[in-house]
Amino acid sequence: MNKTIVEPMTLNIKVPAFPGGQWPLNPTLITSENVVVLVDVGMPGSDKLIVTELEKRGLSLDQLTTIILTHQDIDHVGSLAKLLEANPNIEVFSHELDRPYIEGDLPLIKMLPSPLDVQFNEGYVVPTTPVIKRTLADGEELDIADGLIVIHTPGHTEGHVSLYHPASKTLMTGDAMVLRGPNLEGPNPMHTPDLDKAYESLTKFAAFDIERVICYHGGMYESETLNEEIAQIAATGPAK
């Protein structure tokens, strides 16, 4: 693997209450010569889906070197403990503010509407030991996969981060933005405790030359005018 590849995976979670009975999640997979990085790890039980997605690309879980968690929500951290059980050599990164929730020192801050909370929390295992090997700071550049820039984007959670890959001009938004069909939008109001702060965080993206966005909810979005589109979304702000 000489060239760095940044691409979304699709994990189809079975949720009978949702249209079509499935809920697609889109972790980002980053592969390069020396590392295999997964950005977010899906729901409890998603470890099997992740293994399948890796195998489609000629990879195995043993080759996964790094997990970067954009934030603490269960649909982003749900399979962390299982993945580490299968490969304890994976290094896990997150922002310091979300670290105690990820490691189980504090309960996750969001509950899903019943009865979804019962299904979604089923099988969730909190890591039994501290697992965050490195905490991330705003503006920090990680020396992996040709460089990844950390953008602290609080609002959805206090420790939410997005990532920018300069070599491919790709922005990984976590839940800072969502893609609904063909439309790029701000964060989901229902699950964003501080919407004003979340929209203010979007203004940070103006510092980067963006040609592709990967949203955890919605997948890949490409446009020649992405910076302008994101600036417009940030300026419009949340619906009152």
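Residues numbered from 1 in each chain as written. Predicted model: local features only at pLDDT ≥ 70, side-chain atom pairs only at ≥ 80, totals over all residues. Heavy atoms only, no water.

Draft legend 1. Focus on the nonpolar core. Core analysis: the largest hydrophobic core is formed by 31 residues, its most contacted members being L38, V41, I67, L69 and L80. Every element with two or more residues in this core is listed here: β2 (11–14), β3 (22–25), β5 (36–39), α1 (47–56), α2 (74–77), α3 (80–86) and α4 (99–102). Per-element accounting of this core gives the leading share, 3 residues, to α3. Ignoring anything within four residues of it in the chain, the contact list for V41 reads S46, I50, I67, L69, H76, V77, G78, S79, L80, L83 and Y216. One finds L179, L184, L202 and F205 within the second-largest nonpolar core, a separate group that totals 21 residues. (Core = buried A, V, L, I, M, F, W, Y, C linked by side-chain atoms within 4.5 Å. Buried < 20%, exposed > 50% of the residue type's maximum accessible area, 1.4 Å probe, protein only. Helix = DSSP H or I, 4+ residues; strand = E, 2+ residues; numbered from the N terminus. Contact = heavy atoms within 4.5 Å.)

Draft legend 2. Structural view of the side chain of H217. Secondary-structure assignment places H217 in the loop between β15 (212–215) and β16 (219–222). Within the local environment of H217, its side chain forms a polar contact with the side chain of D75, the two groups lying 3.1 Å apart. Beyond its immediate chain neighbours, meaning those up to four positions away, H217 contacts W23, L25, N26, D75, H76, D175, V178 and L179. (Polar contact = N/O pair within 3.5 Å; in protein donor to acceptor, adjacent residues only side chain to side chain.)

Draft legend 3. Highlighting helix α6 (residues 195–202). Among the residues of α6, L195, A198, Y199, S201 and L202 are the ones counted as buried. Down the axis of α6, the buried side of the element spans an arc of 150°, and every buried residue falls inside it. Check the buried side of α6 and you find it contacts α7 (226–236). (Arc of directions from axis to C-beta.)

Draft legend 4. Summary view of the pairing of strand β10 (residues 148–152). Judged by how many residues are buried, β10 sits mostly within the fold: 5 of 5 residues are covered. Burial along β10 is two-sided: the residues L148, V150 and H152 and I149 and I151 are all buried. Sheet topology note: the strand β9 (residues 141–142)/β10 ladder contains 2 bridges and is antiparallel. Bridge pairing in β10 links L142 to L148. Where β9 hands over to β10, the hairpin turn is made up of 5 residues, of which A145 adopts a positive phi near 55°. (Pairing = 2+ DSSP bridges.)

Draft legend 5. Expanded view of the sheet that holds strand β1 (residues 5–8). Spatial strand order, β1-β4-β5-β6-β7-β8: 6 strands in an open sheet with mixed pairing. In this open sheet, the two strands that pair with only one neighbour each are β1 and β8 (132–136). Going across the sheet, the axis of each strand differs from the next one's by a mean of 20°, ignoring polarity. Sheet topology note: the β1/strand β4 (residues 28–31) ladder contains 4 bridges and is antiparallel. (Axes fitted to C-alpha atoms, helices over the stretch in contact; angles between N-to-C directions.)

Draft legend 6. Region of interest: the sheet that holds strand β12 (residues 170–174). The 6 strands are arranged β9-β10-β11-β12-β15-β16 in an open sheet whose pairing can be described as mixed. Strands at the two margins of the open sheet, each flanked by one partner only, are β9 and β16. Pairing analysis gives 4 bridges linking β10 to strand β11 (residues 161–165), with the strands arranged antiparallel. Residue pairing in the sheet places H152 in a bridge with V161 of β11.

Draft legend 7. Representation of α1 within the structure. D47, I50, E53 and L54 are the residues of α1 that are buried. Considered in projection along α1, the buried side chains sweep an arc of 120° and stay on one side of the axis. Seen from the buried face of α1, the exposed residues on the opposite side, beyond 90 degrees, are K48, E55 and K56. Structurally, α1 contributes buried residues whose contacts are with β2, β4, β5 and α3. In the stretch just after α1, G58 is the one whose phi turns positive, near 75°.

Draft legend 8. Representation of the packing of aromatic side chains in the model. Counted according to the given criterion, the structure contains 1 aromatic pair. Between Y164 and F208, the ring centres sit 4.9 Å apart and the planes meet at 40°, which makes this aromatic pair tilted. Taken as a pair, Y164 in strand β11 and F208 in the loop between α6 and β15 lie far apart in primary sequence, 44 residues in all. By relative accessible area, which is 5% here, Y164 ends up buried. The residue whose ring lies beneath R134 is F93, and the NZ or CZ to ring-centre distance is 5.7 Å. (Phe/Tyr/Trp six-rings, centres within 6.5 Å; stacked < 30°, edge-to-face > 60°. Lys NZ or Arg CZ within 6 Å of the ring centre and 35° of its normal.)

Draft legend 9. Broad picture of the pattern of salt bridges. Enumeration over the complete set of coordinates arrives at 11 salt bridges. K204 is the salt-bridge partner of D138, the closest N and O atoms lying 3.4 Å from each other. Placement of the pair is D138 in the loop between β8 and β9 and K204 in the loop between α6 and β15, with a sequence separation of 66 residues. Residue classification places K204 among the partly exposed residues on the basis of a relative accessible area of 30%. Residue E158 is joined to K197 by a salt bridge in which the shortest nitrogen-to-oxygen separation is 3.1 Å. Separated by 39 residues along the polypeptide, E158 in the loop between β10 and β11 and K197 in helix α6 bring together distant segments of the chain. With relative accessibility at 28%, the residue K197 sits in the partly exposed group. A single network of salt bridges, built from pairs that share partners, joins E7, E53, K56 and R57. (Salt bridge = Lys/Arg side-chain N within 4 Å of Asp/Glu carboxyl O.)

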